[in-house]
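# Residue-level structural notes
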Amino acid sequence: MNKFKRNIYLLYITKFLRFLHFFGAVSIPFFKDWVNFSYTRIFILQATFSLGVFIFEIPTGVIADRYGRKLSLILG
């Protein structure tokens, strides 16, 4: 039972760190200095990406429910 609890804690820690989105701390200076984007363009780009993820999340879930996860991942 002790090993099971440890695995659950590791799972929670992994999920927490994964959803912190550390790439945001790297992408802002990258776009600002190397690509010469203004802050407005950077945040419009990130908002467009977030909207795209939101829009395509629902059809992907429906495909996964009806036809299976494998097909959904292949189409993604």
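Residues numbered from 1 in each chain as written. Predicted model: local features only at pLDDT ≥ 70, side-chain atom pairs only at ≥ 80, totals over all residues. Heavy atoms only, no water.

## Brief notes about the packing of aromatic side chains
By the definition in use, this model includes three aromatic pairs. Counting every residue linked through ring pairs, the aromatic cluster contains Phe30, Phe31, Trp34 and Phe37. Directly above the ring of Tyr39 sits Lys32, whose terminal nitrogen or CZ lies 4.6 Å from the centroid. It is Arg41 that lies over the ring of Phe37; its NZ or CZ is 4.8 Å from the centre. (Phe/Tyr/Trp six-rings, centres within 6.5 Å; stacked < 30°, edge-to-face > 60°. Lys NZ or Arg CZ within 6 Å of the ring centre and 35° of its normal.)

## Some words on the confidence of the model for the protein chain
Per-residue confidence for the protein chain gives a mean pLDDT of 85, with 99% of residues at or over 70. Summarising per-element confidence for the protein chain, the mean pLDDT is lowest in helix α2 (residues 23–34) (82) and highest in helix α3 (residues 39–67) (88). (pLDDT = per-residue confidence, 0-100. Helix = DSSP H or I, 4+ residues; strand = E, 2+ residues; numbered from the N terminus.)

## Some details on α3
The end-to-end C-alpha distance of α3 is 41 Å, a good match for the 42 Å that 29 residues give at a rise of 1.5 Å each. The sharpest bend along α3 reaches about 30° and sits at Glu57, with the proline Pro59 one to four residues further on. Just downstream of α3, Gly68 is the residue with a positive phi angle, here 115°. (Expected span 1.5 Å × (residues − 1). Bend = angle between axes of the 7 residues up to and from the residue.)

## Comments concerning the side chain of Ser72
Following the sequence through the fold, Ser72 ends up in helix α4 (residues 69–75). Note on Ser72: relative accessible area 10%, which makes it buried. (Buried < 20%, exposed > 50% of the residue type's maximum accessible area, 1.4 Å probe, protein only.)

## Regarding the packing of α2 against α3
Relative orientation of the contacting elements α2 and α3 amounts to 130°, with a least axis distance of 10 Å. With respect to α3, the element α2 is oriented oblique. Between α2 and α3 lies a crossing whose hand is right-handed. In this structure, α2 contributes Ser27, Ile28, Phe31 and Lys32 to the contact, and α3 contributes Tyr39, Ile42, Phe43, Leu45 and Gln46. Counted by class, the contact of α2 with α3 contains six nonpolar, two polar and one charged residues. (Axes fitted to C-alpha atoms, helices over the stretch in contact; angles between N-to-C directions. Parallel < 35°, antiparallel > 145°, perpendicular 65-115°, else oblique. Left-handed = near helix turned anticlockwise from the far one by under 90°. Contact = heavy atoms within 4.5 Å. Nonpolar A, V, L, I, M, F, W, Y, C, P; charged D, E, K, R; others polar.)

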